[in-house]
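Chain by chain, the residues run as shown.
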Amino acid sequence: DAPESIILAGTQDVTLVATSADVTTETITDSTTSGTTTLSLSAVTASTDLSAVSVDNIEVAGAITAASTLTFAAGAVSTISSAQTNAFTLDINDGLAAHNTGAVTVNLDAAVTGAVTVDAAAGGDNINVLNIVANVAQSGLGVVGGTATVNLSGSANVVMGSSTTAAHLNASALAGSLTAA
């Protein structure tokens, strides 16, 4: 569908529920004066550009199709609330020609056992800091972080999968236990 603009407004919490196909060309703007704005993706069926989505939280409430890439704006916060077994990639894009870096925060409210790759392609924007908040136990979290720093926090126990790589893994804010597989 053609690019469209969606403006979330008001003084209450606002949740927009859609599939990745519904929003991949949309500009979504948070114009609320209070409350929390959420884009809740009921399914991610293909690589999805969410870099024009400006909400408080992008929730992944359904399955992510294997080998899909989720592209965010730098500074985005996402919550994975549905168990994920497929491998997927995280990336950022600021829409500018220059190569830039930025941080993304991912709250894990469900188990993720598929490898999570941080895109580090030369010439494009790259995540240089991936903040992962483990709110539920992770039994095989594999993060292929490339040159990114991965900051791990939260209250749950985390077992890092054997595929895990990163420039730095910082778990000093993790209240749960950290185990390497």
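Values in this document were obtained by computation on a predicted structure and should not be read as measured data.

**Q** Which residues make up the side chain of Asn107, and what values do they have?
**A** Looking at where Asn107 falls in the secondary structure, it is placed in strand E11 (residues 101–108). A polar contact is formed between the side chain of Asn107 and the side chain of Thr79, at a distance of 3.3 Å. Those residues within four positions of Asn107 in sequence are excluded, and the remaining contacts are Val77, Ser78, Thr79, Ile80, Val133 and Asn135.

**Q** Would you mind going over the sheet that holds strand E2 (residues 14–19) in detail, with residue names and values included?
**A** Read across the open sheet, the eight strands follow the order E2-E4-E7-E9-E11-E13-E16-E18; overall the sheet is parallel. Strands at the two margins of the open sheet, each flanked by one partner only, are E2 and strand E18 (168–174). Strand-to-strand twist in this sheet, taken as the mean axis angle between neighbours without regard to direction, amounts to 20°.

**Q** Residue-level account of the sheet that holds strand E3 (residues 27–30), with values.
**A** With respect to topology, three strands assemble into an open sheet ordered E1-E3-E6, the strand pairing being parallel. The open sheet has two edge strands with one neighbour each: strand E1 (5–8) and strand E6 (53–54). Sheet analysis places E3 next to E6, joined by two bridges and oriented parallel. By the bridge assignment for E6, Ile28 is matched with Val53.

Analysis parameters
- Residue numbers run consecutively from 1 along every chain, following the written order of its sequence.
- Local features in this predicted model are restricted to residues of pLDDT 70 or higher, and side-chain atom pairs are both shown and tallied only at a pLDDT of 80 or more, whereas totals for entire chains, interfaces and linings draw on every residue.
- With hydrogens and water excluded, all non-hydrogen atoms of the structure serve as input to the side-chain values.
- Per the convention used, a helix needs a DSSP run of H or I reaching at least four residues, while a strand needs a run of E reaching at least two, with both numbered from the N terminus.
- Any pair of nitrogen or oxygen atoms within 3.5 Å is treated as a polar contact; in protein, a donor-acceptor pairing is required on top of that, and neighbouring residues in sequence qualify only through side-chain atoms on both sides.
- Pairs of residues are marked as contacts when any of their non-hydrogen atoms sit within 4.5 Å.
- DSSP bridges decide pairing: two strands pair if at least two such bridges lie between them.
- Axis definition: a line fitted to C-alpha atoms, over the contacting stretch in the case of helices. Angles run 0 to 180 degrees between N-to-C directions.

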